[in-house]
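# Summary of structural features
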Amino acid sequence: MTSAQVDKGPENTSGTSEEGYERGLGSRQVQMIAIGGAIGVGLFLGAGANIAKAGPSLIFMYALAGVIIFFIMRALGELLLYRPVSGSFAEYSREFLGPFFGYFTGWTYWLMWVVTGMAELTAAAIYVNYWFPDIPQWVTALVFLVILFGVNLISVKLFGELEFWFSMVKVTALIGMIVIGLGVLTFGFSSAGDTAAVSNLWAFDGFFPKGVGSSLMTLQGVMFAYLAVELVGVTAGESEDPEKTLPKAINTLPWRIALFYVGALTVILCVVKWTEFGEGVSPFVAAFAKIGIPAGAGIVNFVVLTAALSSCNSGMYSTGRMLRNLAESGEAPAVFKKLSTTKTPALGIAVSVAFMGIGVVLNYIVPEKAFGYVTSVATAAGIWTWLMILVSHVLYRRAVDAGRLPASSFPAPGGAKCSYVAIVFLLFVTGLIAYDADSRVCLYVMAGWAAALGIGWVALKSRNPQIAERREPEFEKVG
């Protein structure tokens, strides 16, 4: 047994965790899951519309949001090393805020990934249509759904391996874009060489061409681009060595954000004037076209397809784990607690995939704008998850300071202060969402979701009053 495997006495010889999961995710895979979580469709496609709204100042918005994301991840990291469990967000909400908040957070995170999966499946089908326009979108979406479902059922190792290669494609493409862009800026080659210059960042109406207010309004889209960075927390129960892999994955987040978001956008906006970008156009496609690289649009289309499949793959992984966590707490049907012979929550994954399959049906009837609403719902659900991580961290630090709980081996810098800053920032972004008429609809959807969960909680309590009682947390022994 490795140092990360659980010490349950002589009978535990299977290499599984106390929760029954197989610790099958190695350092290489956890690192790439963390990197892949910070590179999604929100960057590859969503940045185009945001550049049109904010100009070069979008670089600053990504950097600002990136600092907040790092605060969130360090708060999560401290909690994970205090008690590494799968389904961590719901577990910490349950422990520090009470059973209802664990129930609400678990189901809301499940919702986030289900609706994201719907949108990503349709997006992937659209990307395939670029090469094969005669294939109906619903057929492509269904094929991807079945393939990824099979991967998640086989084993966590196969999920981790697939996610590793998905992330490799995205990382390689971004690094290639940065290197090529720097080459254009330095040596002036390609058709973009004559106009490429660092001065493009301020030469066209300044760094904030539409004003600071317009730049701030892009923060909603920027935060959507960062959704899934917290996925590394869901892997805690299946990491081979959480004491080593999780801190390393979280501590590398700043350079990943600096390179893949701030760096890539800075290079692109130096090579191509911000006035040439618009909604519905990937800035990467536009940059490759401007530079004149053969098949550039096809290359980027493949990368964006990979990003969509990666997101859907992660969604299947996390929803199955979250349903099992809810079932173990009596907040979902007990049948979801069962693991398959390959140590995966197969039924939870299957039910989640069935809901994602609604996205296949929606290809017939739902206009494209509806998927914009879907992604805004995912953002709102993600903000709730992040808030619960931060509030749980604040309460954990209070308990540590009071001597009620052991200190984590991975304390967040600044203690709870950075968590307070991040909480204020997320509430500010929520206010921006409420102010914007197009994105406001997601708050109505979340209000309806909250009401439905409230009714469900009342029904659960009436059947089992003990569900509302606080329970002592179960600690996994590592080392």
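Higher on the page you've got the structure.
First, a word on scope: everything that follows refers to the structure included in this document. Model, not experiment: these values are computed from the prediction. (Residues numbered from 1 in each chain as written. Predicted model: local features only at pLDDT ≥ 70, side-chain atom pairs only at ≥ 80, totals over all residues. Heavy atoms only, no water.)

## Quick look at the overall build of the protein chain
- The helix and strand tally for the protein chain stands at 20 helices and 0 strands.
- The burial tally for the protein chain puts 57% of its 479 residues in the buried class.
- Long-range pairs, those at least 24 residues apart, make up 81% of the contacts in the protein chain between residues at least 6 apart in sequence.
- Summed over its atoms, the accessible surface of the protein chain is roughly 18,500 Å², and 67% of this surface lies on carbon and sulfur atoms. (Helix = DSSP H or I, 4+ residues; strand = E, 2+ residues; numbered from the N terminus. Buried < 20%, exposed > 50% of the residue type's maximum accessible area, 1.4 Å probe, protein only. Contact = heavy atoms within 4.5 Å. Areas by Shrake-Rupley, 256 points an atom, 1.4 Å probe, with all protein chains shown as cover.)

## Quick look at the nonpolar core
- Residues Tyr62, Ile69 and Trp386 are the most contacted members of the largest nonpolar core, which totals 144 residues.
- The leading source of residues in this core is helix 6 (residues 99-129), at 18 residues. (Core = buried A, V, L, I, M, F, W, Y, C linked by side-chain atoms within 4.5 Å.)

## Some thoughts on the pattern of salt bridges
- Applying the stated criterion to the full structure yields 6 salt bridges.
- One salt bridge in this structure joins Arg397 and Glu78, with 3.1 Å as the shortest N-O distance. Residue Arg397 is located in helix 18 (residues 368-401), and its partner Glu78 is located in helix 4 (residues 58-82); the two are separated by 319 residues in the primary sequence.
- On the basis of relative accessible area, Glu78 is assigned to the buried category, the value being 3%.
- Where Arg83 meets Glu95, a salt bridge forms, and the shortest distance between an N and an O atom there is 2.9 Å. One end of the pair, Arg83, is in the loop between helix 4 and helix 5 (88-96); the other, Glu95, is in helix 5, with 12 residues separating them in the sequence. Each member of the pair, Arg83 as well as Glu95, is classed as buried.
- A network of salt bridges, in which partner residues are shared, links Arg83, Glu91, Arg94, Glu95 and Glu331. (Salt bridge = Lys/Arg side-chain N within 4 Å of Asp/Glu carboxyl O.)

## Remarks on empty space enclosed by the protein
- Under the definition given, this model contains 3 cavities of 30 Å³ or more.
- By volume, the second largest cavity amounts to about 50 Å³.
- In terms of lining residues, the second largest cavity is bounded by Phe70, Phe71, Arg74, Ala75, His393, Ala412, Pro413, Gly415, Cys418 and Ser419.
- Of all the secondary-structure elements, those providing two or more residues to the lining of the second largest cavity are helix 4 and helix 19 (417-435).
- Per-element accounting of the lining of the second largest cavity gives the leading share, 4 residues, to helix 4.
- Per-class residue counts for the lining of the second largest cavity are 6 nonpolar, 3 polar and 1 charged. (1 Å grid on protein atoms, 1.4 Å probe; cavity = no way out; pocket = protein on both sides within 12 Å on 5 of 7 lines; lining within 4 Å. Points joined across faces, edges and corners; volume = space filled by probe spheres on them. Nonpolar A, V, L, I, M, F, W, Y, C, P; charged D, E, K, R; others polar.)

## Thoughts on the environment of Ala54
- Assignment of secondary structure puts Ala54 in helix 3 (residues 46-54).
- Given a relative accessible area of 0%, Ala54 falls into the buried group.
- Distance from Ala54 to Gly211, taken between C-alpha atoms, is 7.6 Å for residues 157 residues apart in sequence.
- Leave out the neighbours within four places in its chain, and Ala54 touches Phe207, Pro209, Ser215 and Thr218.

## As for unusual backbone geometry
- Unlike most non-glycine residues, Asp205 shows phi in positive territory, near 70 degrees.
- Relative to the helices and strands, Asp205 resides in the loop between helix 8 (156-187) and helix 9 (212-217).
- The class for Asp205 is exposed, based on a relative accessible area of 64%.

## Focus: the packing of aromatic side chains
- In this structure the tally under the stated criterion is 19 aromatic pairs.
- Note on Phe96 and Tyr396: the rings are 5.9 Å apart at their centroids and 70 degrees apart in plane angle, and the pair reads as edge-to-face. Residue Phe96 is located in helix 5, and its partner Tyr396 is located in helix 18; the two are separated by 300 residues in the primary sequence.
- A relative accessible area of 0% places Tyr396 in the buried class.
- Of the aromatic side chains, those joined through ring pairs into one cluster are Phe100, Phe101, Tyr103, Phe104, Trp384 and Trp457.
- The ring of Phe410 has Arg74 sitting right over it, with the charged end atom 4.0 Å from the ring centre. (Phe/Tyr/Trp six-rings, centres within 6.5 Å; stacked < 30°, edge-to-face > 60°. Lys NZ or Arg CZ within 6 Å of the ring centre and 35° of its normal.)

## Let's talk about the packing of helix 4 against helix 13 (residues 253-271)
- The N-to-C vectors of helix 4 and helix 13 enclose an angle of 170 degrees; their axes lie 10 Å apart at closest approach. In terms of orientation, helix 4 lies roughly antiparallel with respect to helix 13. Contacts between helix 4 and helix 13 pair Leu58, Ile59, Tyr62, Ala63, Gly66, Ile69, Phe70 and Met73 from the former with Leu253, Pro254, Ile257, Tyr261, Val262, Leu265, Thr266 and Leu269 from the latter.
- Within the contact of helix 4 with helix 13, the residues separate by chemical class into 14 nonpolar, 2 polar and no charged. (Axes fitted to C-alpha atoms, helices over the stretch in contact; angles between N-to-C directions. Parallel < 35°, antiparallel > 145°, perpendicular 65-115°, else oblique.)

## A word on the packing of helix 15 (residues 296-328) against helix 16 (residues 346-356)
- Relative to each other, helix 15 and helix 16 sit at 130 degrees, their axes nearing to 8 Å. Between helix 15 and helix 16, the interaxial angle falls into the category oblique. You can see that helix 15 and helix 16 cross each other, and the crossing is right-handed. Across the interface between the two elements, Cys312, Gly315, Met316, Thr319, Gly320, Arg321 and Leu323 of helix 15 pack against Gly348, Ile349, Ser352, Val353 and Met356 of helix 16.
- Considering only residue class, the contact of helix 15 with helix 16 consists of 6 nonpolar, 5 polar and 1 charged. (Left-handed = near helix turned anticlockwise from the far one by under 90°.)

## Description of a nonpolar patch on the surface
- A surface patch of nonpolar side chains, about 500 Å² in accessible area, is lined by Tyr130, Trp131, Phe132, Ile135 and Phe302.
- You can see Phe132 is positioned in the loop between helix 6 and helix 7 (137-154). (Patch = residues over 30% accessible without salt bridge, like charges linked within 9 Å, V, L, I, M, F, W, Y side chains within 5 Å.)

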